[in-house]
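Listed below are the residues making up each chain.
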Amino acid sequence: MVYLQRHIRKLVTLVGLGILLSLSLTSQAADLKPVIPTAKGGQCVEKTDVMRKNHMEFILHQRNDTLRRGIRTSKHSLKECIECHNAPANDGKVARISEKDHFCSSCHTFAAVKIDCFECHADKPEAAQYRTSAKGGH
Amino acid sequence: MKQDTDMNRRRFLGQAAAAAGLAVAPGVMLYEVQARPAGEAATSKQRWGMLIDTTKCEVGCNDCVTACKTENGWGASETKSSTEQQAQWIRKVKLTDKQTGHVQSLPLMCQHCETPPCVDVCPTGASMKRADGIVLVDKHICIGCRYCMMACPYKARSFIHESLSGQKAHAPRGLGTVESCTLCVHRVDKDGTPACVESCNAKGHKAMYFGDLNDPNSEISKRLKEFGGQQIRADLGLNTGVRYQGL
């Protein structure tokens, strides 16, 4: 009987520990989720789920059309993505690609997918000013 | 046959434009120049070219180079590179005849050849010529091997040796890729004129002309027909898009 009681007590302690551990993990996971900055304007050129899944395909297609054939439509142009998604905030400034609050890096940091678009391309609208003076790039 | 169709289409468009023109005064018509729609690809109907009148190009004047730097964001951005490494999309060249002492000055940049050696040697297809004759580097697939730099007889291309930031939105450029004069393709696609030509004319030098070599009525074609124009290293048979007068 005593033997059984001891085992039940052990089991309860283990279950309790397990619940505590899972609770703390859940709260950590919530903290780790990317904070995606909101864009300027109402609606993106495609639905959010389509964009999340296919944005890389859209800009890959567009880059060939624009550079090699001279087609300069704005729908899937990287320049236009940046115009809306890294538009100046209330302070009139924008984030750098090396910072987490840049639209692209917010998700790419979370997903651990390194992009090299901004080694060459501008990571801000032409006229906008950076919020920090730190050097950009990776 | 294709050529005929295109010529017919051009004649038709010409007539349509004349009909749409607005008479400002007797004999003076005001036409609205229509840029190619953004969704339409460049075609071989046009061949963009440049004409440089070296007799009007002053020794010591650097306005075209400055305008190019400002427009495309090269020059000041490469802080760690040596002078030899720094980008040079366009440069001024001074020619002195040792016998007579006659000095000439001219801007030299990518000559936008019809048969570009840089495109021939590129192992990835990054070095390319657009249908309208503009020679470009597709930096997305450039591996930075620099074969094109060696192949170019005009030394028109540069390689970027350092990480850059603050590039212009219309002129992406970055570490490990080759670059050169784009004939301001972003402006040309909006029916504009390259920054160098614009600056040369705005400052009153009028030594540079830009236009369509395929259109016999463009100013550049008329001038070439009347006065002729040399190619630099014409012996190579590259049929350059950039021509010089008074060399």
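Residues numbered from 1 in each chain as written. Chains lettered and ligands numbered in written order. Predicted model: local features only at pLDDT ≥ 70, side-chain atom pairs only at ≥ 80, totals over all residues.

1. Quick look at the overall build of chain A
- In terms of regular secondary structure, chain A is built from five helices and two strands.
- Taking all 138 residues of chain A together, the buried fraction comes to 21%.
- Pairs at least 24 residues apart make up 62% of the contacts formed inside chain A by residues separated by at least 6 positions. (Helix = DSSP H or I, 4+ residues; strand = E, 2+ residues; numbered from the N terminus. Buried ≥ 20, exposed ≤ 12 C-beta atoms within 10 Å, placed from the backbone. Contact = placed C-beta atoms within 7 Å.)

2. A closer look at the nonpolar core
- With 48 residues, the main nonpolar core has Met 50, Ile 52, Cys 196 and Met 208 of chain B as its most contacted residues.
- Core analysis: the next-biggest nonpolar cluster, separate from the first, contains nine residues, Leu 78, Ile 82, Phe 103 and Ala 122 of chain A among them. (Core = buried A, V, L, I, M, F, W, Y, C linked by C-beta atoms within 7 Å.)

3. Side note on unusual backbone geometry
Residue and element names in this part refer to chain B.
- Unusually for a residue other than glycine, Arg 146 sits at a positive phi of about 70°.
- Of note, Arg 146 is situated in the loop between strand S7 (135-137) and helix H4 (147-151).
- Taking the C-beta count within 10 Å as the criterion, Arg 146 has 14 such neighbours and is therefore assigned partly exposed.
- In this structure, Lys 206 is a non-glycine residue whose phi angle is positive, near 50°.
- With respect to the helices, strands and loops of the structure, Lys 206 is situated in the loop between helix H6 (195-202) and strand S10 (208-212).
- Judged by local crowding, Lys 206 falls into the exposed class, with 12 C-beta atoms found within 10 Å.

4. A look at the interface of chain A and chain B
- Listed as interface residues are 17 residues of chain A and, on the opposing side, 21 residues of chain B.
- Breaking the side of chain A that touches chain B down by element, the ones donating at least two residues are helix H2 (48-69) and helix H5 (117-120) of chain A.
- By residue number, the principal contributor to the side of chain A that touches chain B is H2 of chain A, which donates four residues.

5. Quick word on the packing of helix H2 (residues 63-72) of chain B against H6 of chain B
Residue and element names in this part refer to chain B.
- Between H2 and H6, the least distance of the axes is 8 Å, while the angle of their chain directions is 135°. One way to sum up the angle between H2 and H6 is to call them oblique. Two packed elements cross with a definite hand, and for H2 against H6 that hand is right-handed. In this structure, H2 uses Asp 63, Cys 64, Ala 67, Cys 68 and Glu 71 to contact H6, whose residues at the interface are Ala 195, Cys 196, Glu 198, Ser 199 and Cys 200.
- Here the residues of the contact of H2 with H6 sort into six nonpolar, one polar and three charged. (Axes fitted to C-alpha atoms, helices over the stretch in contact; angles between N-to-C directions. Parallel < 35°, antiparallel > 145°, perpendicular 65-115°, else oblique. Left-handed = near helix turned anticlockwise from the far one by under 90°. Nonpolar A, V, L, I, M, F, W, Y, C, P; charged D, E, K, R; others polar.)

6. Notes on the confidence of the model for chain B
- Averaged over chain B, the pLDDT score is 90; the fraction of residues at 70 or greater is 86%.
- Overall fold confidence (pTM) sits at 0.81, and the ipTM for the predicted complex is 0.80. (pLDDT = per-residue confidence, 0-100.)

7. Some thoughts on the confidence of the model for chain A
- This prediction gives chain A a mean pLDDT of 84; 79% of its residues lie at or above 70.
- Here helix H1 (residues 2-32) of chain A stands out as the element of chain A with the lowest mean pLDDT, 64, in contrast to H5 of chain A, whose mean of 96 is the highest.

8. Description of the pairing of S10 of chain B
All names here are of chain B.
- Of all the five residues making up S10, four are buried; the element is thus mostly covered by neighbouring parts of the structure.
- Bridge count between strand S3 (residues 48-53) and S10: five bridges; the pairing is antiparallel. For Met 50, the partnering residue across the bridge sits in S10 and is Phe 210. (Pairing = 2+ DSSP bridges.)

9. What to know about the environment of Cys 107 of chain A
Residue and element names in this part refer to chain A.
- Along the chain, Cys 107 falls in helix H4 (residues 103-111).
- Sequence-wise, Cys 107 and Val 35 are 72 residues apart; in three dimensions their C-alpha atoms are separated by 7.9 Å.
- When residues no more than four places from it in sequence are discounted, the contact partners of Cys 107 are Pro 34 and Ile 36.

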